[in-house]
Amino acid sequence: MKHYILILWLMSATCFAQKTTVYTIGDSTMANKKDPEKNPEHGWAQVLQSFFKDNIIIDNRALNGRSTRSFIAEKQWDAVYQKLKKGDYVFIEFGHNDGKNMDSLRYTNPHTAYRHNLIRFVKESRAKGAIPILLSSIARRNFNEKGVLIGTHGDYPLETRLVAQEFNVPFIDLEYFTELLEQSYGPEKSKELHLHFKAGENPYYKDAKDDDTHLSLKGATEIAQIVVEQIKLLEDSSVETLKKGIK
């Protein structure tokens, strides 16, 4: 009987050891939203778990309104850092709120504070044996009157790319791929990826909604799919466990 119990314990311990946690840190474009059954808004990391097998656990720590500065200042990063273990992954996507230059609690200069905050995430993840993956900010739906999609993130995506290159971090150019997504839908149909409702059209909102930054369930799912497809294409041995965990 004792032998049988020992075998069961070893089997369960082995299964537990094989689970890998992916921590996702960032802003509202990634974050979990309340009342997901009723709320039209979803973050792309909120729906990411469905693309992975049970041995990959998505722990979404992204929060509405955060920049790299406020995420660190509020000790949100410390909370992730304390839990990191060898073999975990950290998906890092900021930039939307770092650019808010009228907010001293969130704004970062892309070439100084933002860059150094990304470097901190990378170095401290690696210090715990975890694997950081940098992602540039998702594109906003920002078509001009000629139907041309105009970028809104300035140098933040560039600095993300440069940090990835300098520190040899796996990088997904999510701004580029979401630009392609927006363009493929076009100026009008791309509203489906975001939150566009007339007054009274959706019971979750009292008033009309015209939000070109945040994502509908459709938009979040499309972007999560892009992230997964780009993971498959990463040429870096450190992401092999992640690749094998994709459904």
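What counts, and at which threshold
Residues numbered from 1 in each chain as written. Predicted model: local features only at pLDDT ≥ 70, side-chain atom pairs only at ≥ 80, totals over all residues. Heavy atoms only, no water. Core = buried A, V, L, I, M, F, W, Y, C linked by side-chain atoms within 4.5 Å. Buried < 20%, exposed > 50% of the residue type's maximum accessible area, 1.4 Å probe, protein only. Helix = DSSP H or I, 4+ residues; strand = E, 2+ residues; numbered from the N terminus. Contact = heavy atoms within 4.5 Å. Pairing = 2+ DSSP bridges. Axes fitted to C-alpha atoms, helices over the stretch in contact; angles between N-to-C directions. Parallel < 35°, antiparallel > 145°, perpendicular 65-115°, else oblique. Left-handed = near helix turned anticlockwise from the far one by under 90°. Nonpolar A, V, L, I, M, F, W, Y, C, P; charged D, E, K, R; others polar.

Participant: I'd like to hear about the nonpolar core, residue by residue, with values.
Facilitator: One finds Trp44, Phe52, Phe91, Leu174 and Leu242 to be the most contacted residues of the largest nonpolar core, which totals 35 residues. Elements that contribute at least two residues to this core include exactly strand E2 (56-60), strand E3 (89-93), strand E4 (131-135), helix H6 (174-189) and helix H7 (217-233). Filtering out sequence-adjacent residues up to four positions away, Leu242 remains in contact with Val22, Phe52, Ile56, Tyr89, Phe91, Ile133 and Ile231.

Participant: A description of the pairing of E2 should follow, citing residues and the corresponding values.
Facilitator: Residue alternation in E2 divides its side chains into a buried set, Ile56, Ile58 and Asn60, and an unburied set, Ile57 and Asp59. Of the pairings in the sheet, the one linking strand E1 (residues 20-26) to E2 comprises five bridges and is parallel in character. Bridge pairing in E2 places Thr24 opposite Asn60.

Participant: Just give me the short version of unusual backbone geometry, but keep the residues and values in it.
Facilitator: Positive phi, close to 50°, is recorded for Asp35, a residue that is not glycine. One can find Asp35 in the loop between E1 and E2. For Asp35, a relative accessible area of 42% gives the class partly exposed. You will see that Lys75, though not glycine, has its phi angle at about 65°, which is positive. The topology assignment puts Lys75 in the loop between helix H2 (68-73) and helix H3 (76-83).

Participant: Just give me the short version of the environment of Ile25, but keep the residues and values in it.
Facilitator: Counting through the fold element by element, Ile25 comes out in strand E1. According to the relative accessible area criterion, Ile25 is buried, its value standing at 0%. Aside from chain neighbours lying at most four places away, what touches Ile25 is Met30, Arg61, Ala62, Phe71, Trp77, Val80, Val90, Phe91, Ile92, Glu93, Phe94 and Phe121.

Participant: Can you break down the packing of H6 against H7 residue by residue, with the values?
Facilitator: Following both chains from N to C, one finds H6 and H7 inclined at 130°, their axes separated by 11 Å at the closest point. When the axis of H6 is compared with that of H7, the two are oblique. Seen along the crossing, H6 lies across H7 with a hand that is right-handed. Of H7, the residues touching H6 (which contributes Leu174, Phe177, Thr178, Leu181 and Tyr185) are Lys218, Glu222, Ile223, Ile226, Val227 and Gln230. Of the residues contributing to the contact of H6 with H7, the split by class is seven nonpolar, two polar and two charged.

Participant: A description of the environment of Lys75 should follow, citing residues and the corresponding values.
Facilitator: Taking relative accessible area as the criterion, Lys75 reaches 54% and is therefore assigned exposed. In the structure, Lys75 is positioned 62 residues away from Ser137 in sequence and 22 Å away in space, judged by C-alpha atoms.

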